[in-house]
Amino acid sequence: MIERPVVSPALASPPRRPLPGSAGLPAGAAGEVIAARTRAARRLAVVALLLSGCAPADAPRVINLWHQMRPEDRAVLAQRIELFQRARPGVQVRALYKETEELRSGLVSAVLARRGPEVIYGPSDVLGVYQAMGVLQDMSAYLPPGEVEAFDRRAVVRMPARSDPANSELIFLGDRFGNHLALVYNKRFIAQPPRTTDQLVALARQNTVDENGDGQIDRYGIVWNYTEPFFFIPFLTGYGAWVYQESSDAAAVPAPALDSPQAIDAYRFVASLRSEHRVLPPSADYEAARALFLAGKAAMLIDGDWSWQNYLADSSVDAGLAVLPVVSSTGLAMAPMVAPKGYSLSAFAAGEEADLAMELIRFLTSAETQRAYLAQQRILPSRLALRDDPLVTADPLMAVSVAQAERGRAMPADVAMRNIWDAMRGPYQLLLAGGIDAAEAGRRMQRDALAKNQAMLARAEPDRTVLAVYGLAVAALAALVFTQRRSALAFFRDLPRNRLAYALVVPSIALIFLTVLFPLAYNVVLSFSNMSLTNLRDWEIVGLRNYASLAGGEQADQFWSVFSKTLVWTAVNVFFHVVVGVLLAVALHGPLRGRGVYRLLLIIPWAVPAYITALTWRGMFDQQFGAVNHLIRALDKLHAYLPGWLQLEPLNWLGEAGPAFAACIVANVWLGFPFMMVIALGGLQGIPAELYEAARIDRASRWQQFRHITLPMLKPVLIPAVTLGAVWTFNNLNVVWLVSNGGEPADQTHILVSYVYKAVFNMYQYGYGAALSMVIFLMLLAFSLAFLRKTRATEAVY
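Residues numbered from 1 in each chain as written. Predicted model: local features only at pLDDT ≥ 70, side-chain atom pairs only at ≥ 80, totals over all residues. Heavy atoms only, no water.

(A) Broad picture of the overall build of the protein. Tallying secondary structure elements over the protein gives 29 helices and 12 strands in all. The buried share of the protein, taken over its 798 residues, is 45%. Of the contacts formed within the protein by residues at least 6 apart in sequence, a portion of 73% connects residues at least 24 apart. Approximately 41100 Å² of the protein is accessible, and the part contributed by carbon and sulfur atoms is 61%. (Helix = DSSP H or I, 4+ residues; strand = E, 2+ residues; numbered from the N terminus. Buried < 20%, exposed > 50% of the residue type's maximum accessible area, 1.4 Å probe, protein only. Contact = heavy atoms within 4.5 Å. Areas by Shrake-Rupley, 256 points an atom, 1.4 Å probe, with all protein chains shown as cover.)

The structure is reproduced here in structure tokens:
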């Protein structure tokens, strides 16, 4: 028998009061009331717990890792994370892959929201941007003394602190080394790789041949991606030049040195490979260069470590790998830029989260993890002790990679490096296209680099027009209140009588406010601000400076040039959309056999995703392999049999400004005419057949029927479609960006929307980009209203 314990009167529970509403109820009923209220209290406690953001006591501690690893590397990453989690119960690592632009924009949003990942993984060349944004924090305090010395010094990046530029911070710890270029050669054509540039030129000339005697070169001596200046850097260093001037002040913005005599010599040598020695194809982006080599149409190729294994494993070529040669005139080795990839601790990690994040970084940069990547993916480790590992020394590919990396020069990680690339890209492309000489290329590169540094890093201060901006804002709000006062009063009078109706529309109004009204208002405010890379959160209103720079400031010439090109782009595209679409609709509306099949085939260009179509057209316009030039060559052969036939020459469609812009227009016309065809076909089906019968009785010709019946009756459906088509074409970024590869050549194929994209996402000029977008918005709004009013498209047709 279990006795009841004696409870002290001091510890005994006080007599309970009956709960409100339970007095006078039977004992069972009162108990049900108590139980029901207990359940309700528990539910409220759970809701309060969820709303407060609290987590159960046994919830795992989460470390978020944003990374840019290749698909083949992610399997190794997953294995290592699994081992890390097993050793630390209660810790969970969430690895999320992000593309370059996605990662950058995600970090911008994280800075604004003050919440983001604890660990960031990627290449070192973007560290300057992240540091300027305030995304990274110093890792020095978390690392034991002497641990950094175990790494290649180029894989450890220190940068001046944002708060005190005189002090440096350790913001990057690399787990691998590479991203460097080397010479890939075809052993079927070249027995021994060149050791000097003189030998390189001699071998390239021997292997630049017309194999079938048709006047067209079938195999080139050497090729590389010469749309990107990154592939030119080995030539620059081989002539003793560098992208920056030497400086002892690490905190200062490095000064570009793109117009030095040594740099101009390097430009001249590269240009001579195409103009004098004629060993380069007229144009070659990365994919074209790779395709030429794999097809046996190029004897040598300059490419990076990310691709070497694929070339050596491809059975269609007998590929070899060698270090880049020495420049004969200087005796200096061609040194590519080398860039580590690795981990950074984000500024969003604090306290225990930061400790766990650094444990993860140290684990993922450990010798064991790096050796796992070395064994499975043949990745050059950043730890010096692993350079003597048999996996490195016994592998010919890794031996060449180490030798080339030792010759390389670390890629600068400062924020101005992006400006160097942007400044070099246009003049470099013009140089290889024969548009400018070496001295002019250097002058333009230096000028543009200085201007871009000034635009990106200078902080605009408020001027006297700030008061005007605030005055306009107050006047706009006052005008809104004044014009809507009667509607507001009517709303408040009607609200008590129609509460349900207003409650039902609240979600729609909230959605419109969050997705349309608030972003538009926020963009208007930003257009008057100095928001940029260095002041994402502490920006301020500076007045009309951004709009003034468009109208007549330092960027006015470029803006108006792009604007005029945009007008041509829009007018030509919409014209062909309407003409081709209406003609096809009229043909399909007539007595045509197999109309259903034709309709299906003609709708395909509109059904296929635009980016696929744009990239397909880019391939078709390729100078070497494109279907367009193959067709031109086939038609040109008819000249031998038909003396009167027009003689045609293949064009460098993507390497010259005019043909590249025309290629973009052709691709967009292909994408846009099905929409107009469908709209016109629907309108034709609504025209009464009696009108055509009456016209035929009056002996009206087909043209007269089309002019006096078809076109007027199609007006109500075509004019709104033309308006929409004009707006869509004006804002069509995908086609121009993908077909021209971001405005190439030399930024000469930009339209306004791609110009805005580059200003915002390449130069981080968010205030200026917001002003540009507002100008575009107002232009399109004015055009749409004026066009609809002028054409009276909404009026009935009688």
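Back to the text.
(B) View of the sheet that holds strand β3 (residues 119–123). Overall, mixed pairing links the 6 strands, which are arranged β2-β1-β3-β11-β5-β4 in an open sheet. Two strands lie at the open edges of the sheet, namely β2 (91–97) and β4 (156–160), each paired on one side alone. Here the strands of the sheet are splayed against their neighbours by 25° on average, with no regard to which way each runs. Where β3 and strand β11 (residues 341–345) come together, 5 bridges link them in antiparallel fashion. Residue pairing in the sheet places G122 in a bridge with G342 of β11. The strands touched by helix α10 (residues 352–364) within the sheet are β1 (61–67), β2, β3, β5 (168–176) and β11, with β11 carrying the most contacts at an inclination of about 165°. (Pairing = 2+ DSSP bridges. Axes fitted to C-alpha atoms, helices over the stretch in contact; angles between N-to-C directions.)

(C) Main features of the sheet that holds strand β9 (residues 319–322). The strand order across the open sheet formed by 4 strands is β7-β8-β6-β9, and the pairing between neighbours is mixed. Both outer strands of the open sheet, β7 (220–223) and β9, are each paired with one neighbouring strand and no more. Sheet twist, expressed as the mean angle between neighbouring strand axes with direction ignored, is 20°. Strand direction decides the pairing type here: strand β6 (residues 181–186) and β9, joined by 4 bridges, are antiparallel. Bridging across to β9, L183 finds its partner in A322. With respect to the sheet, helix α8 (residues 286–294) is in contact with β6, β7, β8 (298–304) and β9, its orientation differing from that of β8 by roughly 135°. The strands touched by helix α13 (residues 396–407) are β6 and β9; relative to β9, the strand with the most contacts, the crossing angle is about 35°.

(D) Spatial organisation of the pairing of β2. Bridging between β1 and β2 involves 7 bridges; their strand directions are parallel. Along β2, the bridge assignment pairs L65 with A95. What joins β1 to β2 is helix α2 (residues 71–87), and the crossover it makes is right-handed. (Right-handed = clockwise from strand over helix to strand, strands pointing away.)

(E) Representation of the packing of helix α20 (residues 556–589) against helix α24 (residues 657–685). Direction vectors running N to C along α20 and α24 enclose 40°, while the axes themselves pass 6 Å from each other. By the angle class used here, α20 and α24 are oblique. α20 and α24 meet at a crossing whose hand is right-handed. In terms of residue class, the contact of α20 with α24 is built from 21 nonpolar, 7 polar and 1 charged. (Parallel < 35°, antiparallel > 145°, perpendicular 65-115°, else oblique. Left-handed = near helix turned anticlockwise from the far one by under 90°. Nonpolar A, V, L, I, M, F, W, Y, C, P; charged D, E, K, R; others polar.)

(F) Expanded view of the packing of α20 against helix α21 (residues 595–607). Orientation of α20 relative to α21, taken along the N-to-C sense of each, is 160°, at an axis distance of 10 Å. Viewed along their axes, α20 and α21 adopt a mutual orientation that is roughly antiparallel. Note that α20 runs across α21; the crossing there is left-handed. Contact with α20, carried on its side by L584, L588 and H589, involves R595, Y598, R599 and L602 of α21 and no other residues of that element. The residue makeup of the contact of α20 with α21, split by class, is 4 nonpolar, 1 polar and 2 charged.

(G) Seen up close, the pattern of salt bridges. This structure, assessed with the given rule, holds 24 salt bridges. Residue R86 is joined to E82 by a salt bridge in which the shortest nitrogen-to-oxygen separation is 3.4 Å. Taken as a pair, R86 and E82 lie in helix α2 at a separation of 4 residues, close to a single helical turn. Here R86 falls in the exposed class, since its relative accessible area comes to 60%. Taken together, the shared-partner salt bridges connect R70, E72, D73, D175 and R176 into one network. (Salt bridge = Lys/Arg side-chain N within 4 Å of Asp/Glu carboxyl O.)

(H) A look at the nonpolar core. In terms of nonpolar packing, the biggest core is built from 85 residues, with I222, W224, V243 and Y267 touching the most fellow members. With 9 residues, the single largest contributor to this core is helix α14 (residues 417–432). If you count residues domain by domain, this core takes at least three from each of domain 1 (61–177 + 340–394) and domain 2 (181–335 + 403–457). (Core = buried A, V, L, I, M, F, W, Y, C linked by side-chain atoms within 4.5 Å. Domains from an automatic or database assignment.)

(I) Molecular detail of the side chain of Q370. Structurally, the position occupied by Q370 is in helix α11 (residues 367–377). Take Q370: its relative accessible area is 2%, and that puts it in the buried class. Q370 has contacts with F151, G174, D175, T365, P381, S382, R383 and L386, leaving out every residue within four places of it along the chain.

(J) Structural view of the packing of aromatic side chains. Per the stated rule, a full pass over the model turns up 33 aromatic pairs. Judged by centre distance (5.8 Å) and plane angle (80°), the ring pair of W224 and Y226 falls under edge-to-face. Of the residues examined, W224 reaches a relative accessible area of 0% and is grouped as buried. Overall, the relative accessible area of 4% leaves Y226 in the buried class. Ring centres of F513 and F518 lie 6.2 Å apart, and the angle between their planes is 45°; this geometry places the pair in the tilted category. Relative accessible area serves as the criterion here: at 43%, F513 is assigned to the partly exposed category. Members of the aromatic cluster, joined through ring pairs, are W224, Y226, F232, F235, Y239, Y267, F269 and Y428. Directly above the ring of W66 sits K98, whose terminal nitrogen or CZ lies 4.5 Å from the centroid. Over the aromatic face of Y373 sits the side chain of R176, whose NZ or CZ is 4.6 Å from the ring centroid. (Phe/Tyr/Trp six-rings, centres within 6.5 Å; stacked < 30°, edge-to-face > 60°. Lys NZ or Arg CZ within 6 Å of the ring centre and 35° of its normal.)

(K) Spatial organisation of helix α5 (residues 197–206). Buried within α5 we find T197, L200, V201, L203 and A204. The arc enclosing the buried residues of α5, seen along the axis, measures out at 165°, which places them on a common side. Exposed residues pointing more than 90 degrees away from the buried face of α5 are listed as D198 and Q206. On its buried side, α5 packs onto β7, α7 (261–275) and β8. (Arc of directions from axis to C-beta.)

(L) Highlighting the confidence of the model for the protein. When pLDDT is averaged along the protein, the result is 84; 90% of the residues meet or exceed 70. Contacts from residues 1–38, a stretch scored under 50 in pLDDT, to residues over four places away or in other chains number 8 contacts. Taken as a whole, residues 44–55 scores under 50 in pLDDT and shows 1 contact with residues more than four places along the chain or in a different chain. (pLDDT = per-residue confidence, 0-100.)

(M) Region of interest: unusual backbone geometry. Between E744 and the following residue, P745, the backbone shows a cis peptide bond with an omega angle of 0°. Position of P745 relative to the elements: it lies in the loop between α27 (733–739) and α28 (752–761). One non-glycine residue with positive phi stands out, namely N741, at about 60°. Within the secondary structure, N741 sits in the loop between α27 and α28. A residue is classified by how much of its surface remains accessible, and N741, at 34% relative accessible area, is partly exposed.

(N) Spatial organisation of a nonpolar patch on the surface. A cluster of nonpolar side chains, contributed by I512, F513, L514, V516, L517, F518 and Y522, occupies part of the molecular surface with about 670 Å² of accessible area. Along the polypeptide, I512 turns up in helix α18 (residues 499–526). (Patch = residues over 30% accessible without salt bridge, like charges linked within 9 Å, V, L, I, M, F, W, Y side chains within 5 Å.)

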